[in-house]
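Residues per chain are reported as follows:
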Amino acid sequence: MHEFSTAQGIVETAIHYAKKNKAKKVKKVFLEIGELTFLNVEQLKFSYDILSKDTILDNSELVVEVKSATYKCMKCGASGKLGKIENEDHFSIPVFHCPKCGGEIEILSGRQCFIKNMEIEV
Ligand SMILES: [Zn+2]
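These lines cover the structure that appears in this document, whether it is placed above or below. Position numbers for residues start from 1 in each chain and track the written sequence from start to end. It should be noted that, the model being predicted, local features are given only for residues of pLDDT at least 70 and side-chain atom pairs only at 80 or more, the latter also being counted only at that level, while totals for whole chains, interfaces and linings use all residues. Each side-chain value is worked out from all heavy atoms of the structure, with water and hydrogens disregarded.

**Some remarks on the overall build of the protein chain**
Helix and strand definitions here come from DSSP, where helices need a minimum of 4 consecutive H or I residues and strands a minimum of 2 consecutive E residues; each element is numbered from the N-terminal end. A count of helical and extended segments in the protein chain gives two helices and eight strands. Counting from the amino terminus, the protein chain carries its helices and strands in the arrangement α-β-α-β-β-β-β-β-β-β. C-alpha atoms define the radius of gyration, and 2.2 Å times the number of residues to the power 0.38 defines the globule rule. Whereas a compact globule of 122 residues would reach a radius of gyration of roughly 14 Å, the protein chain reaches 18 Å, over 25% beyond that. In terms of its C-alpha atoms, the protein chain occupies a principal-axis envelope of roughly 55 × 30 × 15 Å. In the protein chain, which comprises 122 residues, the proportion classed as buried is 34%. Whether two residues are in contact is decided by their heavy atoms: any pair within 4.5 Å suffices. Considering only contacts within the protein chain whose residues lie at least 6 apart along the sequence, 73% involve residues at least 24 apart. The buried label goes to any residue with under 20% of its type's maximum accessible area, the exposed label to any with over 50%, and the partly exposed label to all in between, with areas taken from a 1.4 Å probe on protein chains only.

**Some thoughts on the coordination of the zinc ion**
Each metal's donors are the N, O and S atoms within 2.8 Å of it, or within 3.2 Å when it is Na, K or Ca, and because water is not part of the set, sites may look incomplete. Every protein donor of the zinc ion is listed here as Cys73 (SG), Cys76 (SG), Cys98 (SG) and Cys101 (SG), and their distances to the metal cover 2.2 to 2.4 Å. Geometry is assigned from the angles between donors: four donors with all angles from 85 to 135 degrees make a tetrahedral site, four or six donors whose opposite pairs exceed 155 degrees while the rest stay between 65 and 115 make square planar or octahedral sites respectively, and everything else is labelled irregular. Taken together, the four donor atoms surrounding the zinc ion define angles of 105 to 113 degrees at the centre, an arrangement classified as tetrahedral. Here the donor residues of the zinc ion are spaced in sequence according to C-x2-C-x21-C-x2-C. You can see Cys76 sitting in the loop between β3 (70-73) and β4 (79-81) and its partner Cys98 sitting in the loop between β6 (92-94) and β7 (105-109), a full 22 residues away along the chain. Take Cys76: its relative accessible area is 44%, and that puts it in the partly exposed class.

**Brief notes about the side chain of Thr6**
Along the chain, the position of Thr6 falls in helix α1 (residues 2-20). The contact partners of Thr6, leaving out residues within four places of it in the chain, are Leu39, Leu44 and Cys113.

**Some words on α1**
By this rule, a helix spans an expected 1.5 Å times one less than how many residues it contains. With 19 residues, α1 extends 28 Å between its outermost C-alpha atoms, agreeing within 8% with the 27 Å of an ideal straight helix rising 1.5 Å per residue. Those residues of α1 that fall on the buried side of the exposure criterion are Glu3, Thr6, Ala7, Ile10, Val11, Ala14, Ile15 and Ala18. Where α1 is buried, its residues contact β1 (25-34), α2 (41-52), β2 (61-67) and β8 (113-121).

**Quick look at a nonpolar patch on the surface**
A surface patch of nonpolar side chains, about 380 Å² in accessible area, is lined by Phe38, Ile85, Phe91 and Ile93. Mapped onto the elements, Phe38 comes out in the loop between β1 and α2. You can call Phe38 partly exposed: its relative accessible area is 47%. The patches reported here contain residues having more than 30% relative accessible area and no salt bridge. Joining distances are 9 Å for like charges and 5 Å for nonpolar side chains (Val, Leu, Ile, Met, Phe, Trp, Tyr). Every accessible area reported is derived by Shrake-Rupley at a probe size of 1.4 Å, with residue values counting cover from the shown protein chains alone. For this analysis, a salt bridge means a side-chain nitrogen from Lys or Arg found within 4 Å of a carboxyl oxygen belonging to Asp or Glu.

**So, the sheet that holds β8**
At least two bridges found by DSSP between two strands is the condition for calling them paired. If you walk across this open sheet you meet the three strands as β2-β1-β8, and the pairing is mixed. Looking at strand neighbours, the two that pair on one side only are β2 and β8, the edges of this open sheet. Each adjacent strand pair in this sheet contributes to an overall mean axis angle of 15 degrees, direction not counted. In terms of strand pairing, β1 meets β8 through eight bridges, oriented antiparallel. Paired with Phe30 across the strands is Asn117, a residue of β8. Here, axes are lines fitted to C-alpha atoms. For helices the fit covers the stretch in contact, and angles between N-to-C directions go from 0 to 180 degrees. Sitting on the sheet, α1 is in contact with β1, β2 and β8, with an inclination near 40 degrees to β8. Across the sheet, α2 lies against β1 and β2, angled at about 155 degrees from β2, the strand it touches most.

Here it is, written out as structure tokens:
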């Protein structure tokens, strides 16, 4: 389960940060994830709630911000948000070629997953 192991990493990092900053209580954890991680936000929050039980993170809120992926074309140099198409099951899949020239693209962002900020009580 992708979300569960990701949540595990988030919880560990957040606890580490909270201890380092001598937090008494953690209120909110702000997470930024790229759309190419294909993480399910609801499942991520659910896993977070289970894993944060009986830790300093207990009852804190995980605030997730999903960022669009960006690309740069290796052929014409165009850049921007990664395009998406919907397949027959209405599942949107990213387009991995340049919308302008059809060239090969480099993914600049979209695979990130990190804690941006935390709201703590000291
Ligand atoms: Zn191009």
